[in-house]
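An overview of the molecular structure
Here's the letter readout for the chains.
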Amino acid sequence: MELKTIIHDNILIVRCSGKMDALSVVEFKKTVGGMVEAGKKHVILDLSGIDFLDSSGLGSMVSLLKLVRSKGGDIKLCGPNGMVRSVLELTRFHLLFDILDNCQQAVAKMTEGVAG
């Protein structure tokens, strides 16, 4: 999995591409978790480039959610393709995370939550 990070209005946007599986989540947790530990508690995961998601990927997102919420922050997911969106819905992740169609919507929703 390839990760690109962007800071926008104190929101960490992580653009993920490739496979989010057991082989890639160690680096994901290290990179994103490290940024959260350093103070970035508002996180958007852009999943538009993810073409495969397994239970390890799902577990890493839950672990990250716990960490972020322990810091008083939140995570929004955006842009999942059809297969990834189906996995998120089947596993009821829409009950844990706001899942938005694109990054612009996620930033707006995150900004609304931070301001409110």
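**Side note on the overall build of the protein chain**
Counting its secondary structure elements, the protein chain contains four helices and five strands. Shown N-terminal to C-terminal, the secondary structure of the protein chain runs as helices and strands in the order β-β-α-β-α-β-α-β-α. Overall, the C-alpha framework of the protein chain stretches about 35 × 25 × 20 Å when taken along its three principal axes. A total of 116 residues make up the protein chain; the buried ones form 41% of that total. Accessible surface, the protein chain: about 6,000 Å² in total, of which carbon and sulfur atoms supply 53%. Computing the positive centroid from 14 side-chain charges and the negative centroid from 13, the protein chain places the two 5 Å apart.

**Here's the deal with the packing of helix H1 (residues 25-37) against helix H2 (residues 55-70)**
To describe two helices that pack against each other, one gives the angle between their axes and the distance between the axes. Put simply, H1 and H2 touch, their axes get as near as 10 Å, and they point 10° apart. With respect to H2, the element H1 is oriented roughly parallel. Between H1 and H2, the residues in contact are Val-25, Phe-28, Lys-29, Val-32, Gly-33, Val-36 and Glu-37 and Ser-56, Gly-57, Ser-60, Ser-63, Leu-64, Leu-67 and Val-68, respectively. By residue class, the composition of the contact of H1 with H2 is seven nonpolar, five polar and two charged.

**So, the pattern of salt bridges**
For the structure on display, the rule yields seven salt bridges. Linking Asp-46 and Arg-15 is a salt bridge whose minimum nitrogen-to-oxygen distance equals 2.8 Å. Here Arg-15 lies in strand S2 (residues 11-20) and Asp-46 lies in strand S3 (residues 42-53), a separation of 31 residues in the sequence. Relative accessible area serves as the criterion here: at 6%, Asp-46 is assigned to the buried category. Through salt bridges with shared partners, a single network forms among Arg-69, Asp-74, Lys-76 and Asp-98.

**Some points on the packing of aromatic side chains**
The geometry of an aromatic ring pair is captured by two quantities: the separation of the ring centres and the angle between the planes. With the rule as written, the count across this model stands at one aromatic pair. Considering the side-chain rings of Phe-93 and Phe-97, the 5.5 Å spacing of their centres and the 20° angle between planes classify their relative orientation as stacked. Exposure class is identical for Phe-93 and Phe-97. Each is buried. The ring centre of Phe-52 lies 6.0 Å from the NZ or CZ of Lys-19, which sits over that ring.

Cut-offs and rules
- Residues numbered from 1 in each chain as written.
- Predicted model: local features only at pLDDT ≥ 70, side-chain atom pairs only at ≥ 80, totals over all residues.
- Heavy atoms only, no water.
- Helix = DSSP H or I, 4+ residues; strand = E, 2+ residues; numbered from the N terminus.
- Buried < 20%, exposed > 50% of the residue type's maximum accessible area, 1.4 Å probe, protein only.
- Areas by Shrake-Rupley, 256 points an atom, 1.4 Å probe, with all protein chains shown as cover.
- Lys, Arg positive; Asp, Glu negative; His and termini not counted.
- Charge placed at Lys NZ, Arg CZ, Asp CG, Glu CD.
- Axes fitted to C-alpha atoms, helices over the stretch in contact; angles between N-to-C directions.
- Parallel < 35°, antiparallel > 145°, perpendicular 65-115°, else oblique.
- Contact = heavy atoms within 4.5 Å.
- Nonpolar A, V, L, I, M, F, W, Y, C, P; charged D, E, K, R; others polar.
- Salt bridge = Lys/Arg side-chain N within 4 Å of Asp/Glu carboxyl O.
- Phe/Tyr/Trp six-rings, centres within 6.5 Å; stacked < 30°, edge-to-face > 60°.
- Lys NZ or Arg CZ within 6 Å of the ring centre and 35° of its normal.

All quantities given are derived from atomic positions and should not be read as evidence of function.
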